[in-house]
Amino acid sequence: MKHQPFIKYLFKFIFSFCILYYGTIAFIGISSPGGFYIPFADKYINYVAWLRAGLLYCSKIVLHLAGFLVYLPDMYTIKIQDGNAVHIGYDCIGYGVLFFWIAFVFANTIPFVNKIKWMVGGVLVIWTINVVRVCLLLVAINQQWKSPFNFDNHTWFNIVAYVAIFTMIYFFDVAYKKHGRTDETSEKNIN
């Protein structure tokens, strides 16, 4: 069948994205007190809290390097001393955008080591964009800057992150077309 490789790719992409995205939503449900709470998940394997903490600490470091006095009053908030704060909710973590990139790379038929390199590289790019967003948002609300086009920070993050993702997809495609890979049988020729 002529379209079978594309259908297989599409299935792998959608399936892996749904597992990652909806699995994370389910994990948030079991690791948050109230409802169907599992203390073990919250205490020992709460990767969503680790992502939030990483985002907060990286933003704090960048802002310190830029000369701002910032601190973390709790595990959800970054605040400029004697100024306003930014609360990092679940939507601010950017896991949907991260999982989109990971699912894209996973669905492609390239060697495992190359998949890991592309996944890690893309995640670092998206992570950096999110750290910059948190830093700019905190400075903007303290300096009372107006948002261009009246877009909120989530909209700007999504625009910039997806432009970065589609740019990375372009380079990904160029890298593997250059090697002549068109299907799984040529996977062995790349390295």
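Throughout what follows, the structure given in this document is the object of discussion. One numbering rule holds for all chains: residues counted from 1, following each sequence as written. In keeping with the predicted nature of the model, local features appear solely for residues at pLDDT of at least 70, side-chain atom pairs appear and are counted solely at 80 or more, and the whole-chain, interface and lining totals rest on all residues. To get the side-chain values, all heavy atoms of the structure are used, and hydrogens and water are removed first.

### Observations regarding the overall build of the protein
The helix and strand labels rest on DSSP assignments: H or I over at least four residues marks a helix, E over at least two residues marks a strand, and numbering proceeds from the N terminus. For the protein, the count of helices and strands is six helices and three strands. By its C-alpha atoms, the protein is 65 × 40 × 30 Å across when sized along the principal axes. Relative accessible area decides the class of each residue, using a 1.4 Å probe on protein chains only: under 20% of the type maximum gives buried, over 50% gives exposed, and in between gives partly exposed. Every one of the 191 residues in the protein was classed for burial, and the buried ones make up 36%. In the protein, 62% of the contacts between residues at least 6 apart in sequence involve partners at least 24 apart. Per-residue accessibility takes into account occlusion by the displayed protein chains alone, with areas from the Shrake-Rupley method and a 1.4 Å probe. Total accessible area on the protein is roughly 11800 Å²; 68% of this is exposed by carbon and sulfur atoms. Charged residues are defined narrowly, with Lys and Arg counted positive, Asp and Glu counted negative, and His plus the chain ends left uncounted. A single reference atom marks each charge: NZ on Lys, CZ on Arg, CG on Asp, CD on Glu. Between the mean site of the 15 positive side-chain charges and the mean site of the 9 negative ones, the protein shows a separation of 6 Å. Contacts are assigned to residue pairs with any non-hydrogen atoms lying within 4.5 Å of each other.

### Regarding the nonpolar core
By size, the foremost hydrophobic cluster in this structure holds 23 residues, and its most contacted members are Leu55, Leu63, Val70, Ile78, Ile88 and Leu138. Of all elements in the fold, only helix H1 (4-31), helix H3 (47-65), strand E1 (70-74), strand E2 (77-80), helix H4 (95-107) and helix H5 (112-143) reach the threshold of two or more residues within this core. With six residues, H5 is the single largest residue contributor to this core. Sequence-distant contacts of valine 70, that is, excluding residues within four places in its chain, are made with Lys60, Leu63, His64, Ile78, Lys79, Ile80, Gln81 and Leu138. What we call a nonpolar core is a set of buried Ala, Val, Leu, Ile, Met, Phe, Trp, Tyr and Cys residues that are connected through their side-chain atoms within 4.5 Å. Counting residues in hydrophobic clusters, the runner-up holds 21 residues, among them Ile110, Ile129, Ala161 and Tyr176.

### With respect to the environment of tryptophan 156
Within the secondary structure, tryptophan 156 is located in helix H6 (residues 153-178). Residue classification places tryptophan 156 among the partly exposed positions, given a relative accessible area of 26%. As a C-alpha pair, tryptophan 156 and arginine 133 span 23 residues in sequence and 8.3 Å in three-dimensional space.

### Considerations on the sheet that holds E1
Pairing is antiparallel in the open sheet, where three strands are placed in the order E1-E2-E3. Every interior strand has two partners, whereas the edge strands, E1 and strand E3 (85-87), have only one. Averaged over neighbouring strand pairs, the angle between their axes works out to 25° when direction is ignored. For two strands to be treated as a pair, DSSP must find at least two bridges joining them. The sheet contact formed by E1 and E2 spans three bridges and is antiparallel. Bridging from a neighbouring strand, aspartate 74 pairs with threonine 77 of E2. Between N-to-C directions, angles cover 0 to 180 degrees, with each direction set by a line fitted to C-alpha atoms, over the stretch in contact for helices. Sheet strands in contact with H3 are E1 and E2, and its direction is about 155° off that of E1.

### Observations concerning the packing of aromatic side chains
Working definition: rings of Phe, Tyr and Trp (its six-membered ring) pair if their centres are within 6.5 Å, and the pair is stacked with planes under 30 degrees apart, edge-to-face with planes over 60 apart, and tilted otherwise. In this structure the tally under the stated criterion is 20 aromatic pairs. Geometrically, the ring pair formed by tyrosine 170 and phenylalanine 171 is edge-to-face, given 5.3 Å between the ring centres and 70° between the ring planes. The exposed category is assigned to tyrosine 170, whose relative accessible area is 52%. Connected via pairs of aromatic rings, a cluster forms that spans Tyr9, Phe13, Phe17, Tyr21, Tyr22, Tyr95, Phe99, Phe100, Tyr162 and Phe166. Geometrically, a lysine NZ or arginine CZ counts as sitting over a ring once it is within 6 Å of the ring centre and also within 35 degrees of the ring normal. Across the ring face of phenylalanine 106, the terminal group of lysine 12 is positioned such that the distance to the ring centre comes to 5.4 Å.

### Examining the side chain of serine 31
By the element assignment, serine 31 lies in helix H1. Under the relative-accessibility criterion, serine 31 is labelled buried at 5%. One polar contact links the side chain of serine 31 to the main-chain carbonyl oxygen of phenylalanine 27, over a distance of 2.8 Å. Those residues in contact with serine 31 that lie beyond four places of it in its chain are Tyr37, Ala41, Asp42 and Asn46. Here a polar contact means two N or O atoms within 3.5 Å. Within protein one must be a hydrogen donor candidate and the other an acceptor candidate, and residues neighboring in sequence count only if both atoms are side-chain atoms.

### Topic: H4
How far a helix is expected to stretch is found by multiplying one less than its residue total by 1.5 Å. Helix length check: H4 (13 residues) gives 18 Å between terminal C-alpha atoms against 18 Å at 1.5 Å per residue, within 8%. With 11 of its 13 residues buried, H4 lies for the most part within the structure. Considered for burial, the residues of H4 that qualify are Tyr95, Gly96, Val97, Leu98, Phe99, Phe100, Trp101, Ala103, Phe104, Val105 and Ala107.

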